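# Residue-level structure breakdown
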Amino acid sequence: MRTIDGVRRSGVGISADRSVHDAAAIMEQSGVGALAVLDGDLLVGVVTDRDLVRRALAKRMENDARVDAVMSSPVVTIDAEADLHAAFALFRTHSVRRLAVVREEQFVGMITVDDLLVDLAADLADLARPVTAEVLFAHRDSPVPAIA
Amino acid sequence: MQADMHASVGDRIVVHGHRVGEPDRDCEVLEARGADGRAPFLVRWGESGHESLFFPGPDATVKHYEHASH
């Protein structure tokens with residue numbers, strides 16, 4: 001399975017020169033918790049709702065401060081065509097909850113631990129269903145066919 | 001990203017909620033930055049009027065509108 005096939009949500013991007021207030025408003029309107037920060041077509045960072053609280057609000061930063069002052073950079077990225085297992089490895093080694101997905105070095109979306117966990121939980125539930133049924137409702141042994 | 005998603009200026013993109021009770025979001029397409037009307041799109045969000053770039057995922061659908069040809 002390709003990484004791009006594991007992306008469940010649309011990505012939203014903001015220019016690096018926009019304000020932290022704009023970033024917060026766009027997050028609220030679009031329903032995402034992280035924005036890709038772009039300088040032209042170049043991905044230069046990621047800003048999360050947590051960044052806005054810890055690095056802007058808690059530090060009494062002005063509303064019109066630039067978003068690139070509070071973003072996380074450099075960004076941990078993964079190629080859209082990479083196997084999804086490579087994403088698991090990156091989550092493990094970098095201790096991050098989201099990865100920027102890129103194609104030919106252009107941002108195309110975000111993949112999150114939460115989305116992968118929901119998918120894995122659904123897969124596990126599908127696998128566990130027949131086993132659970134067998135534990136709760138023991139099957140009778142099939143009768144041995146009579147030999148003539 | 002749904003690289004094959006097409007949209008024109010004035011179309012609306014609906015982003016469907018992911019959780020029970022989470023409302024759908026929608027935005028207006030101001031510009032298609034990709035080739036041939038493809039993503040990413042410059043969009044304007046609902047009431048606030050804030051603009052951002054939008055990279056559609058599987059949770060997004062386009063509502064096309066007929067555009068005047070004059």
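Up top you'll find the structure we're talking about.
Scope of this entry: the structure provided in the associated data block. From a predicted model like this one, the values you see are computed outputs, not experimental measurements. (Residues numbered from 1 in each chain as written. Chains lettered and ligands numbered in written order. Predicted model: local features only at pLDDT ≥ 70, side-chain atom pairs only at ≥ 80, totals over all residues. Heavy atoms only, no water.)

## Quick word on the overall build of chain A
For chain A, the count of helices and strands is four helices and six strands. Each helix and strand of chain A, ordered N terminal to C terminal, gives the series β-α-β-β-α-β-α-β-β-α. Its C-alpha atoms give chain A principal-axis dimensions of about 90 × 35 × 25 Å. Counting every position in chain A, which comprises 148 residues, the buried fraction comes to 37%. (Helix = DSSP H or I, 4+ residues; strand = E, 2+ residues; numbered from the N terminus. Buried < 20%, exposed > 50% of the residue type's maximum accessible area, 1.4 Å probe, protein only.)

## Thoughts on the sheet that holds strand S5 (residues 60-63) of chain B
With mixed pairing, eight strands are arranged side by side in an open sheet as S3(A)-S2(A)-S1(A)-S4(B)-S3(B)-S2(B)-S1(B)-S5(B). Pairing within the sheet leaves two strands with one partner each, and these edge strands are strand S3 (42-48) of chain A together with S5 of chain B. Mean inter-strand twist for the sheet, computed between neighbouring axes without regard to direction, equals 40 degrees. Summarising the sheet, strand S2 (residues 25-32) of chain B and strand S3 (residues 41-45) of chain B pair through five bridges and their orientation is antiparallel. (Pairing = 2+ DSSP bridges. Axes fitted to C-alpha atoms, helices over the stretch in contact; angles between N-to-C directions.)

## Quick word on the environment of Gly 34 of chain B
Residue and element names in this part refer to chain B. With respect to the element layout, Gly 34 can be found in the loop between S2 and S3. Residues Gly 34 and His 6 lie 28 residues apart in sequence; the distance between their C-alpha atoms is 9.2 Å. Leave out the neighbours within four places in its chain, and Gly 34 touches Ala 39 and Pro 40. (Contact = heavy atoms within 4.5 Å.)

## A short note on the side chain of Ser 10 of chain A
Relative to the helices and strands, Ser 10 of chain A is located in the segment before strand S1 (11-15). Polar side-chain contacts of Ser 10 of chain A include one of 2.8 Å to the backbone nitrogen of Gly 57 of chain B. Here the side chain of Ser 10 of chain A touches Asp 59 of chain B through a polar contact of 2.6 Å, side chain to side chain. Each residue touching Ser 10 of chain A, except ones within four places of it in the same chain, is listed here: Val 32 of chain A together with Phe 54, Phe 55, Pro 56, Gly 57, Asp 59 and Ala 60 of chain B. (Polar contact = N/O pair within 3.5 Å; in protein donor to acceptor, adjacent residues only side chain to side chain.)

## Things to note about the interface of chain B and chain A
Between chain B and chain A, the residue contacts involve 21 residues of the former and 21 residues of the latter. Roughly 1700 Å² is buried in total at the junction of chain B and chain A, and carbon and sulfur atoms are behind 53% of that figure. Remark: the boundary between chain B and chain A carries zero salt bridges. For the pair chain B and chain A, the interface holds seven residue pairs in polar contact (both at pLDDT 80 or more). The leading source of residues in the side of chain B that touches chain A is strand S4 (residues 51-55) of chain B, at five residues. Taken together, the residues of the side of chain B that touches chain A break down into nine nonpolar, six polar and six charged. Strand direction decides the pairing type here: S1 of chain A and S4 of chain B, joined by three bridges, are antiparallel. Counted as the bridge partner of Gly 11 of chain A is Phe 55 of chain B from S4 of chain B. (Buried area = accessible area lost by both parts, 1.4 Å probe. Salt bridge = Lys/Arg side-chain N within 4 Å of Asp/Glu carboxyl O. Nonpolar A, V, L, I, M, F, W, Y, C, P; charged D, E, K, R; others polar.)

The values reported here are purely geometric and, on their own, carry no functional implication.
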